[in-house]
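An overview of the molecular structure
Okay, here's what each chain looks like letter by letter:
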Amino acid sequence: QKEVEQDPGPLSVPEGAIVSLNCTYSNSAFQYFMWYRQYSRKGPELLMYTYSSGNKEDGRFTAQVDKSSKYISLFIRDSQPSDSATYLCAMWGRGAGNNRKLIWGLGTSLAVNP
Amino acid sequence: EAQVTQNPRYLITVTGKKLTVTCSQNMNHEYMSWYRQDPGLGLRQIYYSMNVEVTDKGDVPEGYKVSRKEKRNFPLILESPSPNQTSLYFCASTTMFRGQGYGYTFGSGTRLTVV
């Protein structure tokens, strides 16, 4: 079982729709959660960084963490064609030697149609 | 501008010819990392460095080397590239606080093709 599971999609929505993107994880020790956006042929860019359970809002984006269910979500309100990208979730865990490492979801491909 | 700079952006090389992909960051970040990204496999960590002269293997280190002689630079070396190392490579960096990392800043990527 992967430590982080993310539905790869693709997800296709009309402009203006509310988009919900989700990840589940297996390690209850994860505390710091991130969402990245990656446009085609570009490096991922950090969208949201959250700590522990609760909601965090930034403009049209809301990140939600439910630690009891080991489930994180990213909501995009009033989606725009410019939101078309791959969205990756990530969380800080521990690798070999007990060093910190980011654990990544595979990414969900989103297309927002005009 | 705070950034991670990778070079080259595109590279086509032949099997066995040593190459180096450079990575430099101007944010004084302690933690730097190399990833490869392949369709269906996502981002996989190759090597990482928690500070100068401190490097360690990630999930897919075979066939790669790194060094961290200065805080800002973290080159990726392929001593004898093979076709299965054809991929999109990203360098990334972040700062650490009390052992906890924040969000990565990524470079623009290096598209490597080994023929």
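Because the structure is predicted, anything quoted here is derived from the model rather than measured. (Residues numbered from 1 in each chain as written. Chains lettered and ligands numbered in written order. Predicted model: local features only at pLDDT ≥ 70, side-chain atom pairs only at ≥ 80, totals over all residues. Heavy atoms only, no water.)

**Overview of the sheet that holds strand E6 (residues 54-58) of chain A**
Residue and element names in this part refer to chain A. Across the sheet, which stays open at both edges, the five strands sit in the order E1-E3-E8-E7-E6 with antiparallel pairing between neighbours. Two strands lie at the open edges of the sheet, namely strand E1 (4-6) and E6, each paired on one side alone. Neighbouring strand axes in the sheet, compared pairwise and without regard to direction, differ in orientation by 15° on average. Pairing between strand E7 (residues 61-66) and strand E8 (residues 71-76): six bridges, direction antiparallel. When the sheet's bridge partners are listed, alanine 63 is paired in E8 with leucine 74. (Pairing = 2+ DSSP bridges. Helix = DSSP H or I, 4+ residues; strand = E, 2+ residues; numbered from the N terminus. Axes fitted to C-alpha atoms, helices over the stretch in contact; angles between N-to-C directions.)

**Quick look at the nonpolar core**
By size, the foremost hydrophobic cluster in this structure holds 25 residues, and its most contacted members are Val4, Trp35, Ile72, Leu74, Tyr87 and Met91 of chain A. Elements represented by at least two residues in this core include exactly strand E3 (19-25), strand E4 (32-38), strand E5 (45-51), E7, E8, strand E9 (85-94) and strand E11 (108-113) of chain A. (Core = buried A, V, L, I, M, F, W, Y, C linked by side-chain atoms within 4.5 Å. Buried < 20%, exposed > 50% of the residue type's maximum accessible area, 1.4 Å probe, protein only.)

**Let's talk about the interface of chain A and chain B**
In this assembly, 19 residues from chain A lie in contact with 25 residues from chain B. Buried area between chain A and chain B, summed over both chains or domains, comes out near 1,700 Å², and the portion from carbon and sulfur atoms is 53%. Connecting chain A to chain B are one salt bridge. Residue aspartate 59 of chain B pairs with lysine 101 of chain A through a salt bridge whose shortest N-O separation is 2.7 Å. Elements with a contribution of two residues or more to the side of chain A that touches chain B: E4, E5, E9 and strand E10 (100-104) of chain A. Looking at side-chain class alone, the side of chain A that touches chain B contains 12 nonpolar, three polar and four charged residues. (Contact = heavy atoms within 4.5 Å. Buried area = accessible area lost by both parts, 1.4 Å probe. Salt bridge = Lys/Arg side-chain N within 4 Å of Asp/Glu carboxyl O. Nonpolar A, V, L, I, M, F, W, Y, C, P; charged D, E, K, R; others polar.)

**A few points about the packing of aromatic side chains**
All names here are of chain B. Using the criterion set out here, one finds 18 aromatic pairs over all chains in the structure. Note on tyrosine 31 and tyrosine 104: the rings are 6.0 Å apart at their centroids and 50° apart in plane angle, and the pair reads as tilted. Placement of tyrosine 31 in strand E4 (residues 31-38) and of tyrosine 104 in the loop between strand E11 (100-101) and strand E12 (105-106) is noted, with a sequence separation of 73 residues between them. Comparing tyrosine 31 with tyrosine 104, the two get one shared label, buried. By relative accessible area, which is 2% here, tyrosine 104 ends up buried. (Phe/Tyr/Trp six-rings, centres within 6.5 Å; stacked < 30°, edge-to-face > 60°.)

**Overview of the pairing of E6 of chain A**
Residues and elements named next belong to chain A. Bridging between E6 and E7 involves five bridges; their strand directions are antiparallel. Of the residues in E7, the one forming a bridge with glycine 54 is valine 65. Joining the antiparallel neighbours E6 and E7 is a turn of two residues, in which glycine 59 adopts a positive phi near 65°.

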